[in-house]
Amino acid sequence: MAEVLVYVDHVDGAVRKPTLELLTLARRIGEPVAVALGNGAADTAAALAEHGATRVLTADAPEFADYLVVPKVDALQAAHEAVSPVAVLVPSSAEGKEIAARLAVRIGSGIITDAVDLEAGDEGPVATQSAFAASFTTKSRVSKGTPVITVKPNSAAVEAAPASGAVEALSVSFSAGATGTKVVSRTPRESTGRPELTEAAIVVSGGRGVNGAENFAIIEKLADSLGAAVGASRAAVDAGWYPHSNQVGQTGKSVSPQLYIANGISGAIQHRAGMQTSKTIVAVNKDAEAPIFDLVDYGVVGDLFEVVPQLTSEIETRKG
Amino acid sequence: MSLRIVVCVKYVPDATGDRHFADDLTVDRDDVDGLLSELDEYAVEQALQIAEEADDAEITVLTVGPEDAKDALRKALSMGADKAVHVEDDDLHGTDVMGTSLVLAKAIEKTGYDLVICGMASTDGTMGVLPAILAERLNVPQVTLLSEVSVEDGTVKGRRDGDTASEQLEAALPAVVSVTDQSGEARYPSFKGIMAAKKKPVEALELDDLDIDADEVGLEGAWTKVDSAAERPARTAGTIVKDEGEGGKQLAEFLASQKFI
C-alpha cells in the first residue's frame with residue numbers, strides 16, 4: 001500500500017496532539033510513516049504506533065536544535081527519498097510550514113498550507129482550506145510532484161489505530177546551508193498549565209473591554225473553570241495586557257475549538273479571521289451593535305465584569 | 001560598501017472589504033480596493049531602521065503584481081524606500097507561491113542584494129512561507145518571523161518568538177529576513193515623503209527580462225489547483241439576551257445545554 005510521510009512535532013519525545021490528528025488524516029490516503037527528529041526522537045514511537053504509524057524514521061544530531069529549519073528540511077528530504085511517499089503531511093506550526101515549503105521546492109512539488117480537512121481523491125489528496133478570514137471554503141490539490149500539505153490543529157479527531165511503528169534510523173547528510181542560521185540561545189516559554197491555544201477544545205478570550213492587564217484574571221478564572229486556553233484580541237495584546245503568544249486573529253493564532261467565548265471583543269475582521277471556524281461561539285459585550293454578535297450561537301449584552309464572574313461561579317457550582 | 005536591502009511587498013485586496021474569488025478561482029481584484037499589505041509595512045519599517053543605522057544603505061522595494069500594484073510601491077517609497085522594481089506581465093495571472101517566489105528570486109538577484117526583508121505573511125493568501133522559499137531559492141540563510149532585528153558587521157541578528165520558546169538567531173549576510181507585526185509600528189508617510197516618492201525611480205520588468213518562461217508561472221503553470229471555492233454559509237442567528245442581572249447564569253444554562261459543563 002502507498003505510504004504517507006508524517007512529520008512529527010514533539011517536545012523531547014512527547015508527541016504533540018496535532019501530529020496524532022495528522023495520523024488520522026494520513027490513514028485516509030495510505031500507510032503513515034512518521035519522521036521524528038532531534039532529542040527524544042525514538043521516544044515518540046509508542047504514541048505514533050498506537051495511532052497508526054507503520055514505521056517511525058528517527059534521526060538525532062545537535063544540528064536540529066542548534067540551527068534553524070534547514071537541518072530538518074535535509075532530514076525530511078532524506079526520508080522522502082527513502083520512502084517515495086504519495087504525500088507529505090506536516091503540522092501547520094510556523095516552523096512546520098517553513099520546513100514543508102522548503103522541502104516542496106527541493107523535491108519539485110506544489111504546497112498547500114493550513115488545510116482544515118483532507119480526503120483521498122482520484123488526482124491525489126484533496127485539501128479543504130479556509131480563505132478570506134474564513135468567509136470562504138476552498139478545495140484544492142497539488143498538481144505537480146508529491147503533494148506537500150500542512151494541516152492546522154483541530155482538523156481531525158485523534159483515533160487509536162494500533163500499528164507496528166517499527167523504529168528505523170534515518171540516515172541524514174546535512175547540506176552546506178544547514179548551519180546558515182545559528183540558534184544562539186533558546187528561552188522556553190513558561191508553562192501556564194493551561195492547554196495549548198491552538199489545540200484547546202475550549203478557548204476563552206478577552207479584548208479591549210477587559211480594560212487592563214490586571215483584569216485578565218477574571219478571564220483566566222473562567223478559562224480554568226472550563227479547562228480552557230486563554231486568548232486575547234490584538235487590541236488587548238497591543239495595549240500590553242496579555243502576551244502576543246496568546247493573540248487570536250490574523251497576525252496571531254488561528255483557533256478552531258469546540259467552544260469559543262469572546263469577552264469584551266468587538267469582532268473586527270482581523271479577529272474573526274482567527275476564530276470564525278470555531279464550532280460554537282459565545283460572546284459577552286456591552287455593545288449590542290458589536291459585530292461579534294453576528295457570529296454567536298449565544299450572546300449576552302452586558303458588562304463582562306458582572307457577567308463573567310457570575311458565569312464562572314455558576315460553572316463551579318454546577319461542577320460541584 | 002553600501003548595504004543593499006530589498007524589501008518584498010504585496011499588493012492585496014483590502015481585508016476590511018468584501019473579498020471574494022473571481023470566476024477562475026483566483027483572488028478577485030476588481031471589486032475591492034487594493035493596497036500595500038499591512039504586514040509588509042512592518043518590513044518596510046525595519047528596512048528603514050536598519051538603513052538609518054548603517055553608514056550607507058539603499059532600499060529597493062520589489063513587487064510582483066498587476067498594474068495597480070504600483071500603489072503599494074508608491075506607499076513604500078513615500079515611507080522612505082529609495083527605489084522600486086515592479087514585475088508585471090499578463091502571463092503572471094494566477095501564479096501560486098512557487099511561481100511568485102521564482103519571479104521574486106530572479107528579480108532580487110538581478111537587483112543585487114545583501115539583505116532581503118519580507119513581512120510575516122500576506123493578508124490575502126496568508127501562507128507565510130514565501131520568505132523560507134526565497135531563502136531556499138537564493139541559497140542564503142533564513143532568519144524569519146523576527147520580532148526584533150538588527151544588522152551589524154555583516155551579521156543579521158534577531159529574536160524569533162515561537163510557540164514553545166523564544167530564540168535568538170544569527171546569520172551572516174546575505175540573508176532573507178521576515179518580521180512580524182511585533183517588530184514595531186510602521187511610520188506614516190510624511191507630506192515631504194509623499195512628494196519625494198513621485199520622483200523616485202520605478203523599474204518595470206517583464207518575465208523576459210528575468211529569463212522566465214510563461215509556462216513556469218500563471219494559472220496553468222501553478223503547482224496547485226483550486227477545484228472549488230464556496231462562501232461559508234452565514235452562521236444561523238443565535239440567541240442574544242440582555243443582562244438583567246442573570247446574564248452569567250443564563251449563559252451557564254446555555255453551555256450546560258450544549259454539554260460543555
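Residues numbered from 1 in each chain as written. Chains lettered and ligands numbered in written order. Predicted model: local features only at pLDDT ≥ 70, side-chain atom pairs only at ≥ 80, totals over all residues.

Enquirer: Break down the domain arrangement of chain A for me, citing the residues and quoting the values.
Expert: Residue and element names in this part refer to chain A. Domain boundaries assigned for chain A yield domain 1 (3-179) and domain 2 (202-319). Computed from C-alpha coordinates alone, the two centres of domain 1 and domain 2 are separated by 32 Å. In the side of domain 1 that touches domain 2, the residues fall into three nonpolar, two polar and one charged. (Domains from an automatic or database assignment. Nonpolar A, V, L, I, M, F, W, Y, C, P; charged D, E, K, R; others polar.)

Enquirer: Tell me about the sheet that holds strand β7 (residues 111-115) of chain A, residues and numbers included.
Expert: All names here are of chain A. Taken together, seven strands build an open sheet; the order of strands is β7-β11-β6-β1-β4-β5-β12 and the sheet is parallel. The open sheet has two edge strands, β7 and β12 (166-169), and neither has a second partner. On average, each strand axis in the sheet is tilted by 25° relative to the strand beside it, whichever way the strands run. Here β7 pairs with strand β11 (residues 148-151) via three bridges, running parallel. By the bridge assignment, A115 is partnered in β11 with V151. Together, β1 (3-7), β4 (31-37), β5 (55-59) and β6 (87-91) form the strand contacts of helix α4 (residues 70-83), whose direction differs from that of β4 by roughly 150°. (Pairing = 2+ DSSP bridges. Helix = DSSP H or I, 4+ residues; strand = E, 2+ residues; numbered from the N terminus. Axes fitted to C-alpha atoms, helices over the stretch in contact; angles between N-to-C directions. Contact = placed C-beta atoms within 7 Å.)

Enquirer: How would you summarise the sheet that holds strand β16 (residues 259-263) of chain A if you had to cite specific residues and measurements?
Expert: Spatial ordering of the open sheet is given by β15(A)-β14(A)-β16(A)-β17(A)-β18(A)-β13(B), a layout of six strands whose pairing is parallel. Unpaired on one side and paired on the other, β15 (229-232) of chain A together with β13 (239-242) of chain B mark the two borders of the sheet. Across the sheet, the mean angle from the axis of one strand to that of its neighbour is 15°, orientation sign disregarded. In this sheet, β16 of chain A lies alongside strand β14 (residues 202-206) of chain A in parallel orientation, the contact comprising five bridges. Paired with S205 of chain A across the two strands is A262 of chain A, which belongs to β16 of chain A. In the packing of helix α6 (residues 216-226) of chain A onto the sheet, contacts are made with β14, β15 and β16 of chain A, and the angle to β14 of chain A comes to roughly 170°. Lying on the sheet, helix α9 (residues 304-319) of chain A is in contact with β16, β17 (280-285) and β18 (298-301) of chain A; it crosses β17 of chain A at an angle near 135°.

Enquirer: Quick rundown of the nonpolar core? Include the residues and the values.
Expert: Grouped together as the largest cluster of nonpolar side chains are 134 residues, with contacts concentrated most on V6, V35 and L89 of chain A together with V7 of chain B. For V35 of chain A, the residues in contact, after removing those within four places along its chain, are L5, V6, Y7, V8, L57, A75, L76, A79 and L170 of chain A. Counting 48 residues, the second largest nonpolar core, distinct from the first, contains A223, V255 and V300 of chain A together with F254 of chain B. (Core = buried A, V, L, I, M, F, W, Y, C linked by C-beta atoms within 7 Å. Buried ≥ 20, exposed ≤ 12 C-beta atoms within 10 Å, placed from the backbone.)

Enquirer: Tell me about the packing of α9 of chain A against helix α7 (residues 247-257) of chain B, residues and numbers included.
Expert: At a minimum axis distance of 7 Å, the contact between α9 of chain A and α7 of chain B shows a crossing angle of 45°. In this view, α9 of chain A runs oblique relative to α7 of chain B, as classed from their interaxial angle. Between α9 of chain A and α7 of chain B lies a crossing of right-handed hand. In this structure, α9 of chain A uses V307, V308, Q310, L311, E314, I315 and R318 of chain A to contact α7 of chain B, whose residues at the interface are G247, G248, K249, L251, A252 and A256 of chain B. Along the lines of polarity and charge, the residues of the contact of α9 of chain A with α7 of chain B split into seven nonpolar, three polar and three charged. (Parallel < 35°, antiparallel > 145°, perpendicular 65-115°, else oblique. Left-handed = near helix turned anticlockwise from the far one by under 90°.)

Enquirer: I'd like a rundown of the interface of chain A and chain B, residues and numbers included.
Expert: Contacts between chain A and chain B engage 71 residues on the former and 64 residues on the latter. Only α5 (94-107), β7, β10 (136-142), β13 (181-188), α8 (269-275), β17, β18 and α9 of chain A provide two or more residues apiece to the side of chain A that touches chain B. The biggest single contributor to the side of chain A that touches chain B is α9 of chain A, with nine residues. Across the side of chain A that touches chain B, the residue classes tally to 32 nonpolar, 23 polar and 16 charged. Across four bridges, the pairing between β18 of chain A and β13 of chain B is parallel. What sits directly across from V301 of chain A, in β13 of chain B, is K242 of chain B.

Enquirer: Run through the environment of I133 of chain B, naming residues and quoting values.
Expert: Secondary-structure assignment places I133 of chain B in helix α4 (residues 130-138). Separated by 86 residues in sequence, I133 of chain B and A47 of chain B place their C-alpha atoms 20 Å apart. With residues up to four places along the chain from it excluded, the contact list for I133 of chain B reads A101, R102 and V105 of chain A together with V97 and S101 of chain B.

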